[in-house]
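Summary of structural features
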Amino acid sequence: MSASKPSEYSDSVSVSDSVSNPASDFASDSSSELLAPAGTLISLLAAIQNGADAVYMGASRFSARAYAGNFSDCELAAGIDYAHAFGKKVYVTLNTLYRDDELDDVMLLFDELYRHGVDSVIVQDLGLLARVADQYPGFAVHASTQMTVHNSYHAAFLQKKGVSRVVPARENSIPELIEIKKTGVEVETFVHGALCICYSGQCLFSSLVGSRSGNRGKCAQPCRKRYVFLVGGNPVSTDGQYLISPKDLNASENISALIQAGVDSFKIEGRMKKPEYVAGVVSVYRHLIDRIISNDSSSQKVPTRIEKEKLKKLFNRDFTDGYFLKNPGNELMSRKLPYNKGILIGKIVSVDRRKFNITVLLTSDLSAHDGISIGDIGKNMNSTEDPRIGFTVKKMYVGRSICSKAASGDSVEIPLPQLGAGEKLLFPSIGDSVYKTFDFELQKEISKTFPAATVSEEERDVFIEQTVSDAYSQAALPASLPASLSVSSSVSPSDSSPVASSNSLSDSLALYSSSTVFPISEMIEKLSPAESVQITVSFNCQIEAGKPIQITVSDSEGCQVTVQSDYIIETAQKNPFSENQARDLLLKLGGTIYRVHSVDISIVGDCFVPVGEFKTVRNKALQALLNERIISQRRQSPVGAVFSNNGIEKTDVIAGDVLPAQVSVCVYSEDELFAALNAGADRVYIGGDIFKDPLTQIEYGITVDMIPNIFDKLSASDKEKIFFKTPFITKETDFESLNQNLIRLKEIGISGISASNIGVYEFIRSNPVYSGFFRIATDSAFNLFNSDAASLFLKDGVSSVLLSPELSISEIEQLIRSSVLEHEGILPPVECIVHGRQRLMVTEHPLLQSLLKDMKQKDIKQKDMKSASESAGSDNKTLPFFEYAIKDSKNYTFPVLVDAVGRNYVFNSRELNAFDLLPRLLEANVTFFRIDGIGHTPDEIGALVRHYKNGLSNSNDVPKNNSNDGAEFTKGNFLRSVD
């Protein structure tokens, strides 16, 4: 099944410096990297063969796409080696949050990847970032989009911590990307594939509702489910039921602008997609980028009609160009269909229920084995039944003749699928639309870029698995990552070591014998298709009687090797070996992964050279070069690298004072503030996001303008309790107003700041005027999941760190004990949210505004409008918390609020209530117990503060209740570890 033979090369085609294989004619501009997803090894091979400059992939553990195929340890090694053989880069995703008890194992995996030469890892966890930067200084770490980098200050913070590249939030515009680029970090941005409705890294929907965390790689995709829009508790009809399901991103029209903006890497989403999808999308963007960066002014700088059609055929929920140019509003959403829409190819003109077939008038081509879907997407959108039926076309007829292909304008008769027992077919109707969801001919054409292209998919996968296994076992390596990632792993000491080698390829030469075996090089050749991307080589051949045949081969990247034959050249009695013979043999590399740039031949005297011996040396020289390209990327672990933070065990005694337990509370009005203080709150958060009813324009929150009047009424001790919360999202243009607010707060005398994101934290910390005055508390967006992450900020002297709401009590206890500052031995000031409505999503999409704009006025009952307006008094502005909501299929209702700039927030259906867990949280040494008062009246907030103050003072009297959820309340993730 080998696509190209590892030992015997075909003599049928000559490839010289004047003739090139089209598959290798991809331009490669290091400043315009095309980065492809690889959920499996076959996807990695497909990506490279179709023009990717780099691939990103996940290990079988610790990856943000736990449900992708991902790579076994041996496949990881093979994937890295394959990419490096072709001069491409590999980035491994370690982009989830890790518990304290996992970080050591993650670091072991990282070290194995480091030694094998991985070009970078993509990380989300700040604790992992800190360890890598400390143990492996200078290694290029990429910050995942899960870090929610949405301003330049966040990028600057990460750069100081060792990050060389950031993947900004998909919500960033081109001007914002330019500002991030100015920090000096590389910028990588998604340009194609599925979108999250929420800022990546800040979505807790799947975690808090379904115990499957997106931040742990196991998102259940609640955004792709049906919801009913509620206003005042009443359902409102909407144009589709998938209210928070976005279209797919397609930024192909904006690539030129992104290149001009200085974007370094163009990333395609799709580690869970099939290899055909990866190959097809990569090929479109490869040719598009090449045209844009070429010097040919006549070349098209936008996708062609054929390329646009190809992207649609591969997969689409309809396309959006995202936020690069503007907020797309409703154009972002695919509310009628959450999965592949396909392309419209015709309409049904007749239905024969007796014969069980349909006749379709085609407006586009159709082939046997295509997948089709029938039914209008907008039909029966208020039904729980899917409006479409889908099946594979097994056969079809034009007239009375069976055919394999039909063209636009044909009327084609298609038998409906035979149903199994208990199956029910929703019969299509005349006039129904027909969509092609799987293009067999396109998939077949794409598969030619795969290895073993002529066999079935199952046989191909077996072939790949066996080829990889054989390669590493022949290299005297067990099929496991730690051994396979040793520096000498690609060569067996007994049969593949060079006679001489050097770490500096430019200084000396690796010398091999023609009997050397290169199993990994053979694997690379076998896994490459017949029309492969090629490696350009140059030959130098030395022929002299009494000496071995010697061929030196080099590439354009500085790798060079020499192979000598075991055979000793004899003097020719007649017909001596000629330079033309040698040249022909060196140029005849058709059907291989190599093409020749130049040939230099030296023949001394009349020499007898058997053709078979010469070809063996030539083949071995090429494999030796391939081997050198691979092993030149290997590294040794840094001297002194350790993989444990020697965290304090549970049985250890913690020295120092235990901080008194304190109640903190978030409030949104003056009356709520005084209610909290009068009830004994130890810390009160004000400010933050100001919410606004999109219909009545009533605002809910405490603005900076309101604070001077409030502060005049506070005692000196109460003023010390006040912390100003910054907005959850802080875009680049928001920092001027933030700066003005900080100046005013400083003048007023507020010294506490709750930094809602890392960009704000860096903005304050990097300004000595502010850093010397404000006490900073971190907020939930920091995603502090382990002690290493928390210590990054504790070492800076923050007032408190708010832990991730996805941690269980046992995990919180482990984190706190491991976070004890070694030089002082005291407990860290840790805060946990214990009560309130938890935020599940934050989105730039104007969800409420668009739904309210689209709905018919009669759907809002007048009493609901009246209740909304009457709910706000002139002095105490409060929004009815459930005025707007979305309801899922299980009748859970999720409130939705809009802030003053139009951003939308989705909250949990049930309120967090961890009162019963206070004794355990106290035992875990939590310091601050936060109540979020959103949606509560001042009286309710006062009662909650007193309730929790009493509970903390008399924890022995708190009733023990370890049940997780009730009818109205939830204990969140305190009693369960998220997947």
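Residues numbered from 1 in each chain as written. Predicted model: local features only at pLDDT ≥ 70, side-chain atom pairs only at ≥ 80, totals over all residues. Heavy atoms only, no water.

In the annotation of an unreviewed UniProt entry, the entry for the protein reads Putative protease, and the organism field reads Methanimicrococcus blatticola.

A look at the overall build of the protein
To be explicit about the condition: Helix and strand labels come from DSSP, where a helix needs a run of H or I of at least four residues and a strand needs a run of E of at least two; each type is numbered from the N terminus. Whether a residue is buried, partly exposed or exposed follows from its accessible area with a 1.4 Å probe, protein chains only, as a fraction of its type maximum: under 20%, in between, or over 50%, in that order. Residues count as neighbours in contact if any of their non-hydrogen atoms are within 4.5 Å of one another. All accessibility values rest on the Shrake-Rupley procedure with a 1.4 Å probe; residue burial counts only the protein chains present in the view.
Counting secondary structure elements, the protein contains 28 helices and 45 strands. Per-residue burial for the protein yields a buried fraction of 58% across its 979 residues. For the protein, long-range pairs separated by at least 24 residues make up 74% of all intrachain contacts whose partners lie at least 6 apart in sequence. Just so you have it, the protein exposes about 37,800 Å², and 48% of that area is on carbon and sulfur atoms.

Quick notes on the nonpolar core
Keep this limit in mind: As used here, the term nonpolar core means buried Ala, Val, Leu, Ile, Met, Phe, Trp, Tyr and Cys residues forming a set that is joined through side-chain atoms within 4.5 Å.
With 257 residues, the main nonpolar core has Leu-126, Phe-614 and Phe-793 as its most contacted residues. Looking at this core element by element, the count peaks at 10 residues for helix α9 (residues 275-293). Ignoring anything within four residues of it in the chain, the contact list for Phe-793 reads Leu-126, Phe-157, Ile-758, Tyr-761, Thr-778, Phe-782, Leu-784, Val-798 and Val-801. Core analysis: the second largest hydrophobic core is formed by 20 residues, Ile-345, Ile-358, Ile-389 and Phe-391 among them.

Remarks on the packing of aromatic side chains
Going by this rule: Only rings of Phe, Tyr and Trp enter the pairing, Trp through its six-membered ring, and a pair is recorded when the two centres are within 6.5 Å. The plane angle decides the type: under 30 degrees is stacked, over 60 is edge-to-face, the rest tilted.
For the structure on display, the rule yields 28 aromatic pairs. Between Tyr-668 and Tyr-700, the aromatic rings sit 5.3 Å apart at their centres with planes inclined by 35°, giving tilted as the arrangement. With a gap of 32 residues between them, Tyr-668 in the loop between β30 (662-666) and α17 (670-678) and Tyr-700 in strand β33 (residues 699-700) connect regions that are remote in the sequence. Taking relative accessible area as the criterion, Tyr-668 reaches 8% and is therefore assigned buried. Measuring from ring centre to ring centre gives 5.9 Å for Tyr-685 and Phe-723, while their planes differ by 65°; the resulting arrangement is edge-to-face. With Tyr-685 in strand β31 (residues 683-687) and Phe-723 in strand β34 (residues 722-725), this residue pair connects regions lying 38 residues apart in the sequence.

Some thoughts on the sheet that holds strand β18 (residues 396-398)
The criterion, for reference: Only when DSSP finds a minimum of two bridges between them are two strands counted as paired. Between N-to-C directions, angles span 0 to 180 degrees; the directions come from axes that are lines fitted to C-alpha atoms, helices contributing only their stretch in contact.
The sheet built from 8 strands is open, its strands ordered β17-β16-β22-β13-β14-β21-β18-β19 with antiparallel pairing. Every interior strand has two partners, whereas the edge strands, β17 (389-392) and β19 (401-403), have only one. Strand after strand, the sheet turns through a mean of 35° between neighbouring axes, direction not considered. Bridge analysis of strand β13 (residues 343-352) against strand β22 (residues 433-438) gives 4 bridges, and the strand direction is antiparallel. Residue Gly-346 lies in a different strand from β22, and its bridge partner there is Val-434.

Digging into the pattern of salt bridges
In plain terms, the rule: Each reported salt bridge corresponds to a side-chain nitrogen of Lys or Arg within 4 Å of a carboxyl oxygen of Asp or Glu.
Using the criterion set out here, one finds 49 salt bridges in the structure. Across the salt bridge formed by Lys-949 and Asp-682, the nearest N and O atoms sit 3.1 Å from each other. Here Lys-949, found in helix α28 (residues 938-953), pairs with Asp-682, found in the loop between α17 and β31; they are 267 residues apart in sequence, far enough to count as distant. Residue Lys-949 is classed as partly exposed on the basis of its relative accessible area of 24%.

Re helix α20 (residues 735-748)
Note the following rule: A helix's residues, less one, multiplied by 1.5 Å, set its expected span. This arc is built from the directions going out from the helix axis to the C-beta atoms.
Here α20 spans 19 Å end to end across 14 residues, near enough to the 20 Å set by a 1.5 Å rise per residue. All buried positions along α20 are accounted for by Phe-735, Leu-738, Asn-739, Leu-742 and Leu-745. Down the axis, α20 shows its buried residues gathered within 125° of arc, on one side only. Residues of α20 that are exposed and point more than 90 degrees away from the buried face comprise Glu-736 and Glu-747. Downstream of α20 by a residue or two, Gly-749 has a phi angle that is positive, lying close to 110°.

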